[in-house]
Amino acid sequence: MDALIYTVMSGAERVQRAQAVHANNLANLETAGFRANIEQASAAQVQGYGYDARHMAQERSDVVSARTGTQRDTGRDLDIAIQGDGLFAVAQGGPDGAEAYTRGGNFSVDPEGRLRLGQHVVLGEGGPIVLPAHDKLEVQADGSIAILAAGQAEMQTVDKLKLVNPGFRQMTKNEAGLLVMRDGSAPAADPNVQVAAGKLESSNVSAVEEMVTTMNLAREFELQMRLYKAADGMADAGNRLVRD
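Treat the numbers as computed from the prediction; the structure is a model and nothing was measured.

A.B. asks: Hey, could you run me through the overall build of the chain in this one?
C.D. replies: When its secondary structure is counted, the chain shows two helices and 19 strands. In the chain, which comprises 244 residues, the proportion classed as buried is 37%. In the chain, 62% of the contacts between residues at least 6 apart in sequence involve partners at least 24 apart. Of the roughly 13,600 Å² of accessible surface on the chain, a fraction of 50% belongs to carbon and sulfur atoms.

Have a look at this one:
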């Protein structure tokens, strides 16, 4: 009965990992631009002589949901929402860090004039975006950033957001929850990506779907525990037959 115990044990472990993924999705229900994770697992044969009939559930890289979130008007100049497909580029660990990508567009400007998304510096096509002192700011549909400097009468373009569109199938998430390329590359800017200022995209997590999935996973875990007890009972019965 040990073959059944292998299956039950790995199945229960997979359910626990899946619950963690969906709990994280629910925790980010209100995070702007968040993309839900979709957990995946496959059957893997246990290696070694005599283990041909034993299989384990092997965790695979989470898939990122490409579904778009709803957009709401905020009227804030530094709230930017991508229209259609595409992603913003930010630095992972600072101005010189590797690139990461996100749909979140609730930007801010720090005291040094750097455009930021939380703790991450927002990247333009030439590197980190640093804005001079200004009285007014506008973000155009192509991602160009124009400012009205003090004492000036006309808006001047000072930088342009780096907007990419590599496709979610080529991406995964890092520990900070940002999207990165699976092969570690940095995609080139895509001139076809469009944005809209004064709007913010919400998370694409569906609370109803996540709750239903969580309840189904709880039932699966309960079933795995019943099977484990059944396998243990059959093993005990077999041992008694051998002793008799």
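A.B. asks: Is there a simple way to explain the environment of Pro-166 in this structure?
C.D. replies: Position of Pro-166 among the secondary structure elements: in the loop between strand E15 (163–164) and strand E16 (171–173). Sequence-wise, Pro-166 and Ala-189 are 23 residues apart; in three dimensions their C-alpha atoms are separated by 9.4 Å. Excluding residues that lie within four positions of it along the chain, Pro-166 makes contacts with Leu-87, Met-171, Met-181 and Pro-187.

A.B. asks: For this particular structure, what's the right way to read the side chain of Asn-37?
C.D. replies: By the secondary structure assignment, Asn-37 is in strand E1 (residues 37–45). A distance of 3.2 Å separates polar atoms of two side chains, one belonging to Asn-37 and the other to Lys-173.

A.B. asks: I keep staring at the sheet that holds strand E9 (residues 120–121) and nothing clicks. Help me out?
C.D. replies: Strands sit in the order E7-E8-E9 across an open sheet of three strands; the sheet is antiparallel. Edge positions in the sheet fall to strand E7 (108–109) and E9, since each of these pairs with one other strand and no more. When strand E8 (residues 115–117) meets E9, the two strands line up antiparallel, connected through two bridges. Looking at E9, one finds that Leu-117 is bridged to His-120.

A.B. asks: How should I be thinking about the pattern of salt bridges in this particular structure?
C.D. replies: One side chain can pair with another of opposite charge once the charged atoms of both are near each other. Summed over all chains, the structure comprises 14 salt bridges. For Arg-76, the salt bridge identified is with Asp-79, shortest N-O distance 2.7 Å. On the accessibility criterion, Arg-76 (36% relative accessible area) is partly exposed. Accessibility expressed as a relative area gives 6% for Asp-79, which makes it buried. Note that Arg-103 and Glu-201 form a salt bridge whose closest N and O atoms lie 2.9 Å from each other. Here the residue Arg-103 occupies a position in the loop between strand E6 (99–102) and E7, and Glu-201 occupies one in strand E19 (residues 199–201), the gap between them amounting to 98 residues. Taken together, the salt bridges that share partners define one network made up of Asp-110, Glu-112, Arg-114 and Arg-116.

A.B. asks: What is the right way to look at the sheet that holds strand E14 (residues 156–160) in this model?
C.D. replies: Sheet strands associate in pairs through backbone hydrogen bonding, adopting either a parallel or an antiparallel arrangement. Spatially, the three strands line up as an open sheet ordered E12-E13-E14, and their pairing is antiparallel. For this open sheet the edge positions go to strand E12 (136–139) and E14, each flanked by a neighbour on one side alone. Pairwise comparison of adjacent strand axes, ignoring direction, gives a mean angle of 25 degrees for this sheet. Relative to E14, strand E13 (residues 144–148) runs antiparallel, the two sharing four bridges. Residue pairing in the sheet places Ala-146 in a bridge with Thr-157 of E14.

A.B. asks: Would you mind going over the environment of Ala-66 with me for this structure?
C.D. replies: Take Ala-66: it is sitting in the loop between strand E2 (55–64) and strand E3 (71–73). Linking Ala-66 and Arg-35, residues 31 residues apart in sequence, is a C-alpha distance of 7.1 Å. Filtering out sequence-adjacent residues up to four positions away, Ala-66 remains in contact with Phe-168 and Asn-204.

A.B. asks: Help me understand the packing of aromatic side chains in this model?
C.D. replies: Within a pair of aromatic rings, the relevant descriptors are the distance that separates the centres and the angle that separates the planes. Evaluated as defined, the whole model comprises one aromatic pair. Measuring from centroid to centroid gives 5.1 Å for Phe-88 and Phe-107, while their planes differ by 80 degrees, and the two rings are edge-to-face. Taken as a pair, Phe-88 in strand E5 (residues 87–91) and Phe-107 in the loop between E6 and E7 lie far apart in primary sequence, 19 residues in all. Accessibility assignment for this pair places Phe-88 and Phe-107 in one class, buried.

Here is what the cut-offs are and how they apply
- Residues numbered from 1 in each chain as written.
- Predicted model: local features only at pLDDT ≥ 70, side-chain atom pairs only at ≥ 80, totals over all residues.
- Heavy atoms only, no water.
- Helix = DSSP H or I, 4+ residues; strand = E, 2+ residues; numbered from the N terminus.
- Buried < 20%, exposed > 50% of the residue type's maximum accessible area, 1.4 Å probe, protein only.
- Contact = heavy atoms within 4.5 Å.
- Areas by Shrake-Rupley, 256 points an atom, 1.4 Å probe, with all protein chains shown as cover.
- Polar contact = N/O pair within 3.5 Å; in protein donor to acceptor, adjacent residues only side chain to side chain.
- Pairing = 2+ DSSP bridges.
- Salt bridge = Lys/Arg side-chain N within 4 Å of Asp/Glu carboxyl O.
- Axes fitted to C-alpha atoms, helices over the stretch in contact; angles between N-to-C directions.
- Phe/Tyr/Trp six-rings, centres within 6.5 Å; stacked < 30°, edge-to-face > 60°.

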